[in-house]
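Architecture at a glance
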Amino acid sequence: MSSSRRKCKYSSDLFCYICGIYILKKQKRNITDFVKETYAEYFGFKMDKLDKSWVPNKVCKSCVESLRLWKKGERSGLDFGIPMIWMEPKNHVDDCYFCVVDAKGFNRNQTWRYPDLQSTKCPVLHSETLPRPVYVSKVIRMPSETMMLPNSQESKQSTSGSEWEGETSTPKLFSQNELSDLIRDLNLSKQESELLASRLKEKNLLAPTVTITTYRTRESELLQFFDENEGLVYCTDIAKLLLDMGLKEYKPTEWRLFIDSCKRSLKCVLLHNGNKFASIPIALHSTKLKEEYENVKLVLEKIKYSEHQWPICVDLKMVNFLLGQQSGYTKYPCFLCMWDSRAKQLHWEQDVWPARNSLTVGKANVIREPLVNRDKIILPPLHIKLGMIKQFVKALDKEGDCFKYICRKFPKLSMEKLKGGIFDGPQIRQLIKDADFIKVMTVPESEAWESFVLVVENFLGNHKAPNYEEIVQNMLTNFQTLGANMSIKLHYLRNHLDKFPDNLGNYSEEQGERFHQDLKVMEERYQGRWDCHMMADYCWSLKRDCPRKNY
Ligand SMILES: [Zn+2]
Ligand SMILES: [Zn+2]
Ligand SMILES: [Zn+2]
């Protein structure tokens, strides 16, 4: 805007800096030092940006007279306690005051119609919460300050440097969108939102058009995209929901489906492949009415998985359900080959296993019709990581220093978990960061551990080293030397490295972990009651109304 010096429909000097109203010829006054001084005394901040083309350099007689009489103590002042606020317009089409207003035939007996623009904020009338200021003459005002400083003129200048000058001097009122985004950033409930909004309103920090009660039903706009059925809450139109939430374009290939299942619930979440956007919940099942396979089947139907065909990132237990495999410790758990989990003596010896050509019901531990195409399955990096540490810890000498060190480091973990090598992502990160950990290890232990860390850093994270295959193979060799067992997860690393997506960092579950955290807050807020309102409200909290980094 600043570069394009296009002429506006009206010259900015046809309007009053203070009230913003079109000035009739005879009413026009210059902005004198007296006007500037009294303005600051009345409103509490200085006139600024007078050098900008988009700020009027004139005032109207009515404003000047009101201020003059107020200072003399003869009148109570202006009608408004916050004057017209000027900001740089974005364009001349719909954001420029001097192009948008209609002053044709205007006279002082008419009410001035302020356009609703982002670049201007119209005056705010005095009210109980915005009382009229009382003029206090400088002689009696703040005697201590006047005494400390040589003269009041200088005192004013010294303040101006810190508080009064520049952009921050004028209160910038919150627009509805700005307030909504703030509420989202603060993660406030509906009640808290209303409270914040009304407090800001009391201080006159809200634009006049802002409504407070809208937060009571803030989810209503997104409610149309959700439906409920037998304890299942789900999104009926994912593409439209995402577009409504501000996504420019919806491409199914840019998202992956994350399904999380625990004893109490089943959650389907869309994760963005670059993790650029927040996770979007698309289905929640709060009770387990049916068997897991049936549940997953119903959910996939409801969210119309077949139309979207997102890649699926889930733990291996869920992979079993999705592909109709028998769960538990089965002979043929791999969905890609005929790896025999029970042929322990062959695990480290046999390099190639016959491929599984198809998943056929009734054959090799496949007991039901697969629900999704197995090509869509992404092996989940976190679960692979958990599987590796499990085998590492299980192989440790339980009387050795290394295992004892782990026990001391996680005193709250049960011996059962410690011996079983059951850790979570953050705990693994803690161990990796611990420089002392390696000092208590034997040579095979440290070789296995260091090569594990290398795999985490060069393969399972954001960075995939060119020689990642070598790094993974090296780790497996070290695990073998340590005496670790081959599990299905290690098998995937050993035999199906090509099935891991190119950039595993993009598929990091840390986002999933964060989502869990967010959802917890939501569950508490809605007291465990999962319904369309909760889902819509959650999605509302992910939106951004003002253009910023994400939405
Ligand atoms: Zn203009
Ligand atoms: Zn005026
Ligand atoms: Zn396999």
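Reading guide: rules and limits
- Residues numbered from 1 in each chain as written.
- Chains lettered and ligands numbered in written order.
- Predicted model: local features only at pLDDT ≥ 70, side-chain atom pairs only at ≥ 80, totals over all residues.
- Heavy atoms only, no water.
- Axes fitted to C-alpha atoms, helices over the stretch in contact; angles between N-to-C directions.
- Helix = DSSP H or I, 4+ residues; strand = E, 2+ residues; numbered from the N terminus.
- Parallel < 35°, antiparallel > 145°, perpendicular 65-115°, else oblique.
- Left-handed = near helix turned anticlockwise from the far one by under 90°.
- Contact = heavy atoms within 4.5 Å.
- 1 Å grid on protein atoms, 1.4 Å probe; cavity = no way out; pocket = protein on both sides within 12 Å on 5 of 7 lines; lining within 4 Å.
- Points joined across faces, edges and corners; volume = space filled by probe spheres on them.
- Nonpolar A, V, L, I, M, F, W, Y, C, P; charged D, E, K, R; others polar.
- Donors = N, O, S within 2.8 Å, 3.2 Å for Na, K, Ca; no water.
- Tetrahedral: all angles 85-135°; square planar, octahedral: opposite > 155°, others 65-115°.
- Buried < 20%, exposed > 50% of the residue type's maximum accessible area, 1.4 Å probe, protein only.
- pLDDT = per-residue confidence, 0-100.
- Pairing = 2+ DSSP bridges.

**Some words on the packing of helix 16 (residues 425-433) against helix 17 (residues 443-460)**
- Across the interface, helix 16 lies against helix 17 with an axial gap of 11 Å and an inter-helix angle of 120 degrees. One element, helix 16, and the other, helix 17, form an angle in the oblique class. Handedness of the helix 16/helix 17 crossing: left-handed. Contacts between helix 16 and helix 17 pair I428, L431 and I432 from the former with W449, F452, V453, V456 and E457 from the latter.

**Some thoughts on empty space enclosed by the protein**
- One pass over the full model with this rule turns up two cavities of 30 Å³ or more.
- The calculated volume of the largest cavity comes to roughly 40 Å³.
- Every residue along the wall of the largest cavity is listed here: Y17, Y39, D48, K49, M84, I85, W86 and T170.
- Roughly 40 Å³ of volume is contained in the second largest cavity.
- Residue lining of the second largest cavity: W54, W86, M87, P89, D95, C96, Y97, F98, S119 and T120, and that is the complete set.
- Grouping the amino acids of the lining of the second largest cavity by side-chain chemistry returns seven nonpolar, two polar and one charged.

**Thoughts on the coordination of the zinc ion (ligand 1)**
- Looking at the metal site, the zinc ion (ligand 1) is ligated by C8 (SG), H92 (ND1), C96 (SG) and C99 (SG), spaced 2.0 to 2.4 Å from it.
- Around the zinc ion (ligand 1) sit four donor atoms, and with donor-metal-donor angles ranging over 101 to 121 degrees the site reads as tetrahedral.
- Mapped onto the sequence, the donors of the zinc ion (ligand 1) take the spacing C-x83-H-x3-C-x2-C. A single burial state applies to H92 and to C99, both of which are buried.

**Describing the confidence of the model for the protein chain**
- Summary statistics for the protein chain give a mean pLDDT of 83 and a share of 86% for residues scoring 70 or more.
- At the level of individual helices and strands, the protein chain shows its lowest average pLDDT in helix 4 (residues 143-148), which scores 32, and its highest in strand 2 (residues 58-60), which scores 95.
- Taken together, the stretch residues 138-166 has pLDDT below 50 and engages in 19 contacts with residues farther than four places along the chain or on a different chain.

**Comments concerning the coordination of the zinc ion (ligand 3)**
- The zinc ion (ligand 3) binds to the protein through C334 (SG), C337 (SG), H491 (NE2) and H496 (NE2); the donor distances cover 2.0 to 2.3 Å.
- Each of the four donor atoms around the zinc ion (ligand 3) contributes to a set of angles spanning 101 to 121 degrees, which defines the coordination as tetrahedral.
- Linear spacing of the donor residues for the zinc ion (ligand 3) on their chain is C-x2-C-x153-H-x4-H. Of this pair, C337 sits in the loop between helix 11 (316-323) and helix 12 (344-347) while H496 sits in the loop between helix 19 (488-495) and helix 20 (510-525); the two residues are 159 residues apart in sequence, bridging distant segments of the chain.
- Overall, the relative accessible area of 8% leaves H496 in the buried class.

**Some details on the sheet that holds strand 13 (residues 377-378)**
- In space, the seven strands of this open sheet follow the order 7-8-11-10-9-12-13, with mixed pairing throughout. A strand with exactly one partner marks an edge of an open sheet, and here the two such strands are strand 7 (226-229) and strand 13.
- For strand 9 (residues 255-261) and strand 10 (residues 266-272), the ladder comprises seven bridges, and the chain directions are antiparallel. Residue pairing across strands places F258 opposite V269, the latter belonging to strand 10.
- Contacts between helix 11 and the sheet are confined to strand 9, strand 10, strand 12 (312-313) and strand 13, with strand 9 contributing the most and set at about 105 degrees to the helix.

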